[in-house]
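Below, each chain spelled out in residue letters.
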Amino acid sequence: MIGIFDIKASIVKEIDKVLKELQIELLQQGHKATGALIQSAEQKTAFEDATRLVIDIYFNDYWVYVNNGVAANRI
């Protein structure tokens, strides 16, 4: 029988794959000045209660600017 911790382990493994794909995408888009953004990718997974698993994915705060760009007058 599959337990809840087995399910969590499977989900964590899949989220790690998603993070790896995001890191590859950043590299392919040329976003590797220092590599800090790519290396900052991490996940935290925890049970909120017996029926709810919470997954948080983190990158350095400036990922929004890398993703959305910055107006020329702000450079």
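Residues numbered from 1 in each chain as written. Predicted model: local features only at pLDDT ≥ 70, side-chain atom pairs only at ≥ 80, totals over all residues. Heavy atoms only, no water.

**Q** In this structure, what is going on with the packing of aromatic side chains? I would like to understand it.
**A** Both the distance between ring centres and the angle between the ring planes are used here to describe each pair of aromatic rings. Counting across every chain of the model gives 1 aromatic pair. Ring geometry for Phe 5 versus Phe 47: centroids 5.5 Å apart, planes at 85 degrees, classification edge-to-face. Here Phe 47 lies in strand β1 (residues 42-49) and Phe 5 lies in helix α1 (residues 4-28), a separation of 42 residues in the sequence. Relative accessible area serves as the criterion here: at 29%, Phe 47 is assigned to the partly exposed category. Here the basic side chain of Lys 44 rests over the ring of Tyr 58, its NZ or CZ set 5.5 Å away from the ring centre. (Phe/Tyr/Trp six-rings, centres within 6.5 Å; stacked < 30°, edge-to-face > 60°. Helix = DSSP H or I, 4+ residues; strand = E, 2+ residues; numbered from the N terminus. Buried < 20%, exposed > 50% of the residue type's maximum accessible area, 1.4 Å probe, protein only. Lys NZ or Arg CZ within 6 Å of the ring centre and 35° of its normal.)

**Q** Just checking my understanding: could you explain the pairing of β1 for this structure?
**A** Remark: a regular strand shows side chains that alternate across the two faces of the sheet. With 7 bridges connecting them, β1 and strand β2 (residues 52-58) associate as antiparallel partners. Along β2, the bridge assignment pairs Asp 49 with Arg 52. Following β1, the chain reverses through 2 residues before pairing antiparallel with β2. (Pairing = 2+ DSSP bridges.)

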